[in-house]
Structure formats: structure tokens, C-alpha cells
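# Notes for the structure review
Each chain, written out:
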Amino acid sequence: MSDVEIRDDRAAGRLEAFAGGELAGHIQYFVLASPRDALVPVHTIVEPAYEGRGIAGSLARELYGIAAREGVVVAPLCPYVVKWAERHPEEAPAADPELLRAAKDWLIAHPEGF
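Residues numbered from 1 in each chain as written. Predicted model: local features only at pLDDT ≥ 70, side-chain atom pairs only at ≥ 80, totals over all residues. Heavy atoms only, no water.

## Section: the overall build of the chain
Along the backbone of the chain there are 3 helices and 5 strands. In the chain, the succession of α and β elements from N to C terminus is β-β-β-β-α-β-α-α. Relative to the compact-globule value of 13 Å for 114 residues, the chain shows a C-alpha radius of gyration of 13 Å, a close match. Projected onto its principal axes, the C-alpha coordinates of the chain cover approximately 40 × 35 × 25 Å. The buried share of the chain, reckoned over its 114 residues, is 42%. Placing the 11 positive and 18 negative side-chain charges of the chain at their respective mean positions leaves the two points 3 Å apart. (Helix = DSSP H or I, 4+ residues; strand = E, 2+ residues; numbered from the N terminus. Rg over C-alpha atoms; globule rule 2.2 N^0.38 Å. Buried < 20%, exposed > 50% of the residue type's maximum accessible area, 1.4 Å probe, protein only. Lys, Arg positive; Asp, Glu negative; His and termini not counted. Charge placed at Lys NZ, Arg CZ, Asp CG, Glu CD.)

Listed below in C-alpha cells is the structure:
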């Protein structure tokens with residue numbers, strides 16, 4: 001979707017998509033530091049008025065792009081991002097199962113905000 005601007009609000013743990021200046025959707029994520037650095041998407045939300053416009057896919061693609069530029073991996077817990085990654089293996093390398101377990105453990109220990 002070409003008319004979407006995506007912004008990474010790392011402090012808030014949100015990758016946000018804006019269309020026409022309005023928030024169209026976001027991926028809520030956290031940064032895992034151990035056993036290795038990773039971006040961990042937990043939820044993908046698209047506002048009802050923007051559903052079906054490719055917003056979620058644009059967000060997932062950008063999340064993997066950010067990870068690649070930063071030299072980290074993505075350990076997806078969000079069901080949408082998991083499915084997107086399965087459909088785009090050339091853009092979304094599979095996460096190590098140990099890393100996924102560590103991400104799940106972190107989320108269980110820190111449920112606030114998710």
C-alpha cells in the first residue's frame with residue numbers, strides 16, 4: 001500500500017501505520033535481549049475502516065525490514081505475523097525455537113501492556 005506511512009515508536013513498542021494522517025493500524029511488540037536480540041511482535045491490529053487494504057502486511061514487512069537493518073531477528077508470537085512469515089519466507093527467516101520459547105517466557109513474566 002503506497003499511501004501508508006509506517007513509523008517505529010520503539011519506546012512504546014509500537015510499529016504504527018498511518019493513512020491520510022490517521023492511525024490505520026499497528027503491531028505491538030517488545031525487544032528481547034536474551035538469548036539474543038530480537039523483535040517480538042505480539043499483536044497486529046488494523047482499524048476497521050482500513051481492513052482489507054494491506055495495512056497488516058505492510059506492517060509485518062516493515063518489522064522484518066527493521067530487524068534486517070538492525071541485524072536482529074524477529075521471533076513472532078502474533079498469529080498474523082506468524083502466518084505472514086510462512087507466506088514470505090524470503091523476507092521472513094524462521095525464528096529459532098529456543099528464541100521463541102524465551103520470547104513466550106518473557107511475555108508470561110511481563111504481561112502488562114499486552
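Let us keep going from here.
## Some remarks on the environment of A49
In this structure, A49 sits in the loop between β4 (38–46) and α1 (55–70). For A49, a relative accessible area of 54% translates into the label exposed. Residues A49 and A60, 11 residues apart in the sequence, show an inter-C-alpha distance of 19 Å.

## Some details on the packing of α1 against helix α2 (residues 79–87)
At a minimum axis separation of 10 Å, α1 and α2 run at an interaxial angle of 75°. If you check the angle between α1 and α2, you find them roughly perpendicular. Counting all contacts with α1, which are made through A56, G57, A60, R61 and Y64, the residues of α2 involved are Y80, V81, W84 and A85. Residues of the contact of α1 with α2, tallied by class, amount to 7 nonpolar, 1 polar and 1 charged. (Axes fitted to C-alpha atoms, helices over the stretch in contact; angles between N-to-C directions. Parallel < 35°, antiparallel > 145°, perpendicular 65-115°, else oblique. Contact = heavy atoms within 4.5 Å. Nonpolar A, V, L, I, M, F, W, Y, C, P; charged D, E, K, R; others polar.)

## Considering the packing of aromatic side chains
Here the structure, examined in full by the defined rule, presents 4 aromatic pairs. With a centroid separation of 3.9 Å and 20° between ring planes, the pair formed by F30 and W106 is classed as stacked. Note that F30 is positioned in strand β3 (residues 22–32) and W106 in helix α3 (residues 97–109), a separation of 76 residues in sequence. What makes F30 buried here is its relative accessible area of 5%. Between Y64 and W84, the aromatic rings sit 5.8 Å apart at their centres with planes inclined by 25°, giving stacked as the arrangement. Remark: W84 occurs in helix α2 and Y64 occurs in helix α1; sequence separation between them is 20 residues. W84 shares its class with Y64; the two are buried. One aromatic cluster is present, formed by F30, W106 and F114 through successive ring pairs. (Phe/Tyr/Trp six-rings, centres within 6.5 Å; stacked < 30°, edge-to-face > 60°.)

## A look at α3
An ideal rise of 1.5 Å per residue puts 18 Å on 13 residues; α3 measures up with 18 Å between its terminal C-alpha atoms. Within α3, burial applies to L99, A102, A103 and L107. All buried residues of α3 project into a common sector of 135° when viewed along the axis, lining one side. Away from its buried face, by an angle of more than 90 degrees, α3 presents the exposed residues P97, R101, D105, I108 and A109. Tucked inside the fold, the buried residues of α3 contact β3, β4 and β5 (73–74). Capping of α3 at its N-terminal end is provided by D96; its side-chain oxygen lies 2.6 Å from the backbone amide nitrogen of E98. (Expected span 1.5 Å × (residues − 1). Arc of directions from axis to C-beta. Polar contact = N/O pair within 3.5 Å; in protein donor to acceptor, adjacent residues only side chain to side chain.)

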